[in-house]
Amino acid sequence: MDESIKLRRERRLDRMDIIHLLMEAQKGRLNYDDQSDNIDSGFSAIDESDIIKKWKKKIDIKDDDIMGVGLGFFLAGYDTASNVMSYIAYELAANPDVQEKLFREVSSASREGDGKITYETLLGMKYLDMVVSETLRKWPPGYHMDRECRIPFTIEPEREHEKPLHIEKGTQCLITVLGIHRDPQYYPNPEKFDPERFNNENKRNIKPYTYMPFSVGPRSCMGTRFALLEMKLVIAEIIRAFEIVISDKMQFPLNIKKVGFSHYPAGGMWLCLKPREVAA
Ligand code: HEM
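Note that the structure is predicted; figures quoted are calculated from it, not measured. (Residues numbered from 1 in each chain as written. Predicted model: local features only at pLDDT ≥ 70, side-chain atom pairs only at ≥ 80, totals over all residues. Heavy atoms only, no water.)

**Q** How would you sum up the UniProt feature "binding site: heme" (unreviewed entry) in the protein chain? Please name residues and give values.
**A** If you check UniProt for "binding site: heme" (unreviewed entry), the listed places come out as Cys 221 in our numbering. Counting through the fold element by element, Cys 221 comes out in the loop between α9 (200–203) and α10 (224–241). Judged by its relative accessible area of 33%, Cys 221 falls in the partly exposed class. (UniProt positions renumbered as here; feature names shortened; annotations may be inferred. Helix = DSSP H or I, 4+ residues; strand = E, 2+ residues; numbered from the N terminus. Buried < 20%, exposed > 50% of the residue type's maximum accessible area, 1.4 Å probe, protein only.)

As structure tokens, then:
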């Protein structure tokens, strides 16, 4: 990456990628772009925080920072999306009725697009969005967030036996995203994979901050829209040609490893792809 930055500078090369954007920001030439294509990327997509939109302070960006962000993109964007795609495939195999419904949606979108799945048709697939949202609820790769308390805060008790919880400034807090996503008071029967939780009627009733697969606030995920797009495209392309089934090698139900950066099934994810007689 160091070489790439030097080469671009020497030869005045412009490539439309993240390194280019950061090099422009380094020169102070990058402003927040409020133009959007107005296409809804999906229920899980999050807007940039208002703090970022209003940010005017010039930051001194060093080449090391550019390399750090570039590397961060690989680390933050690769394993997370591949992990979620594996769980989507697993849940589709474990819930054939959901898979069948999704296949019907993908087939009809593909027919409308003369065999092609375009950006617009992909983002228009409501059931695909529900399946992805429900997988991100049940299996959020970032299963906890860590934050430092900036302002002393007290969480007041809600039930009789509880006491107030005082959090001092500087306290390191771990917020259990997975625990909240699987809390029956927010998601009844939380172990059940049920995309209907995210249908038009039900998703309106989801309480703020009880669904955070991409975190929230100024340090939330930068890659939400890209991640949703890539996952939806991969799943739609697989589903139109194959039926996903659970292999005999797979430990069923899943046995999750107790240690690791994210949650991975112990023994791996073993699924089979059965070619469809009539592909979509
Ligand atoms: C399903 C896929 C993904 C999930 C579930 C996910 C989730 C998250 C979460 C929860 C955070 C915030 C961590 C925190 O608040 O402490 C985060 C941060 C981040 N994500 Fe993602 N992510 C995904 C894909 C991607 C992709 C594809 C990219 C880039 C192409 C990306 C880039 C980033 C970056 C750069 C940050 C750090 C933001 C910052 O510190 O300000 N993520 N992601």
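**Q** Can you lay out the site of the ligand for me, pointing to particular residues and giving the numbers?
**A** Taken together, 21 residues are adjacent to the ligand, and Gly 77, Arg 147, Ser 215, Arg 219 and Cys 221 come closest. In the environment of the ligand, an oxygen atom lies 2.7 Å from a nitrogen or oxygen atom belonging to the side chain of Arg 147. Interatomic distance of 2.7 Å between a side-chain N/O atom of Arg 219 and an oxygen atom of the ligand. Elements that contribute at least two residues to the shell around the ligand include exactly α4 (63–94), β1 (144–148) and α10. Take the shell around the ligand: its biggest share by element is six residues, from α4. For the shell around the ligand, the class distribution of residues is 13 nonpolar, five polar and three charged. (Near = heavy atom within 4 Å. Polar contact = N/O pair within 3.5 Å; in protein donor to acceptor, adjacent residues only side chain to side chain. Nonpolar A, V, L, I, M, F, W, Y, C, P; charged D, E, K, R; others polar.)

**Q** Give a detailed account of the environment of Glu 105, specifying residues and quantitative values.
**A** Secondary-structure assignment places Glu 105 in helix α5 (residues 96–112). Sequence separation between Glu 105 and Ile 5 is 100 residues; the distance between their C-alpha atoms is 44 Å. Not counting the four nearest positions on each side in its chain, Glu 105 is found in contact with Met 125, Lys 126, Tyr 127 and Leu 128. (Contact = heavy atoms within 4.5 Å.)

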